[in-house]
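Next come the chains, spelled out residue by residue.
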Amino acid sequence: MKPAAPLLLLLPALVLLPLLVLLPGLVHGGGWDLIGEFLLAAVQPSTDPVVLESLLRGLGVTAGMALLGWCASLLIGIAAGLASSRLLWRTLIGHSWPAEGIRRLLAIPRSIHELIWGLLLLQVIGLQPVIAVIAIAIPYGALVARVVSDLLDSLNERNLQALMAAGTAPPAALLSAMGPPLLPGLISYGGYRLECALRSATLLGVFGLGGLGNELLLTLQSLQFHELWSGLWLLLAVMLSLEGVIGALRRRWGMPGRFSLRASGVGRRGRELVLAGLLLMPLVFGVGRALAIEPAALLHWQALPPIAPGGWQEALALPWPSLVFNTVLLTLLAAALAVGVAPLLLLLVAPWPWGQRLLQLIWAIGRLWPPPLTALLLLFVLKPGVITAALALGFHNLGILGRLLLEGSEAAGPQRQEALRCSGTGPRLALLYGRFSGLARSYLAYGAYRADVILRETVVVGLVAGTGLGTQLNQSLSAFAFDQLLLLLVAYAALTLLGEDLSDRARQRLLQQ
């Protein structure tokens, strides 16, 4: 027996049953009044000019770091993506084995979260504005490279073969035949990466790299909730504006066929894209100067303390089975919460038009609110552990998956849902079978990809909520135990690469059914 397609969306939500049983045992006596003050402060943010000036300054730093890291990641990702494309190497030399080697090398920086890169660079370089930029650029560049190479290898090769048969040089044939169809996917994914870069820059600020994230952490630790919500509403306004602008540009530039070559040269949309790139260059240099970014600072490394005698034995003696188990359990719980609760909440509010608007606002806050701050809030009323960390990480990813589900249901059109409503079906069943039925497998396929991302993000909440490899990573960094740190990075990379392989298999199986 197999469940109906729309019911597949709700299966992950069954994780709520054991969580509801275990949560009462995690609740402690204090902190409820602080949670109440935090929620009430949402409608009474601070309007103090001094506070707003400080928050705006921090927001400018965060946005600048995100922009620079994003631009650097695109440059790295496009170059590395082309270098790891099987099609490119087959066209140039007739073999694809160099692409396989480069893909395996790029898997290593991709598997390590940007926060770990930031903390590592902080140890060896010191506190520099360039650290946040490089910490975003390295893993994001590897992620962009994977997408670029996959997009390029999945394109139809007929035009390329025709140009090659006509005697066109291989580089020119690649650029002419594969460049225009590659651009729409690259633009779409590049816009998504810019949104992610803003969230990552905020997260890095929480851990001491400056910007608005640092301001949010300080206001939360000092219980200045009115000031905290002022910063959060500012960040939300910037995030929603950015999403709107990126969405408009994606619709204008990212549609297939808009970059076709014409007799007069590149089409109008192509010229707009080139002009936008030219205008972006002085903006990037101006932001770099304003943030005092000095790439030369990366050349001056601080000497690391030597590994103590017997250090490797102590590192190997760490409780690796429990650390790995808690990390995997945290990943599964957070992924199940994010994937299953989003459709469940939409079904619950289906009869009320205002309910969806409220969910959109909550999910927008969840997307931009750094998970470590959510974990700190939960620690006011819950004991630290896997469940607390899973709730914090699940809330953040719920905002991302909820937005995706809403966009998918709107793109599906209302015809089937309205037909079911007219036949007397209730609003919840009409939504479930009218809209969710067609996108169930694609949504779950993206949920499998998101589980891979959540595995990398476990380090973020582990540093705060006291569980998994993230907690041990924090202790090893504090003790300058670089032997332990190296083994922890190897464990994280191995887990991430294994999770990436499993999520790829799950996506392929779901999409092929």
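Note: the structure precedes this text.
Definitions and limits used
- Residues numbered from 1 in each chain as written.
- Predicted model: local features only at pLDDT ≥ 70, side-chain atom pairs only at ≥ 80, totals over all residues.
- Heavy atoms only, no water.
- 1 Å grid on protein atoms, 1.4 Å probe; cavity = no way out; pocket = protein on both sides within 12 Å on 5 of 7 lines; lining within 4 Å.
- Points joined across faces, edges and corners; volume = space filled by probe spheres on them.
- Helix = DSSP H or I, 4+ residues; strand = E, 2+ residues; numbered from the N terminus.
- Nonpolar A, V, L, I, M, F, W, Y, C, P; charged D, E, K, R; others polar.
- Buried < 20%, exposed > 50% of the residue type's maximum accessible area, 1.4 Å probe, protein only.
- Contact = heavy atoms within 4.5 Å.
- Core = buried A, V, L, I, M, F, W, Y, C linked by side-chain atoms within 4.5 Å.
- Domains from an automatic or database assignment.

(A) Inspection of the layout of surface pockets at higher detail. Roughly 1,400 Å³ of internal volume is contained in the second largest pocket. Every residue lining the second largest pocket is counted, 39 residues in all, and those nearest its centre are Tyr 189, Tyr 192, Leu 404, Tyr 446 and Tyr 449. When residues of the lining of the second largest pocket are traced back to their parent elements, those giving at least two are helix H6 (97–111), helix H8 (129–154), helix H10 (170–209), helix H12 (225–253), helix H18 (386–412), helix H21 (436–465) and helix H23 (482–512). The element contributing the most residues to the lining of the second largest pocket is H23, with 8 residues. Within the lining of the second largest pocket, the residues separate by chemical class into 14 nonpolar, 7 polar and 18 charged.

(B) Fine view of the environment of Pro 370. Residue position: Pro 370 is located in the loop between helix H16 (353–368) and helix H17 (371–378). For Pro 370, a relative accessible area of 3% translates into the label buried. In this structure, the C-alpha to C-alpha distance between Pro 370 and Ala 173, residues 197 residues apart in sequence, is 45 Å. Residue contacts for Pro 370: discarding those within four places in its chain leaves Thr 202, Leu 203 and Val 206.

(C) The side chain of Glu 114, seen in detail. Within the secondary structure layout, Glu 114 lies in helix H7 (residues 114–125). Leaving out residues up to four positions away in the same chain, Glu 114 has contacts with Ala 135, Ile 136, Pro 139, Tyr 140, Ser 200 and Leu 204.

(D) Seen up close, the nonpolar core. Counting 134 residues, the largest nonpolar core has Phe 436 and Tyr 443 as its most contacted members. Counting residues per element, this core draws most heavily on helix H15 (residues 320–348), which supplies 14 residues. In terms of domain composition, this core takes at least three residues from each of domain 1 (1–31 + 304–513) and domain 2 (63–204 + 252–303). What Phe 436 contacts, discounting residues up to four positions off in sequence, is Pro 6, Leu 9, Pro 343, Leu 346, Leu 347, Leu 405, Ser 409 and Leu 431. Of all hydrophobic cores here, the second largest spans 10 residues; its members include Leu 87, Leu 152, Leu 160 and Ala 177.

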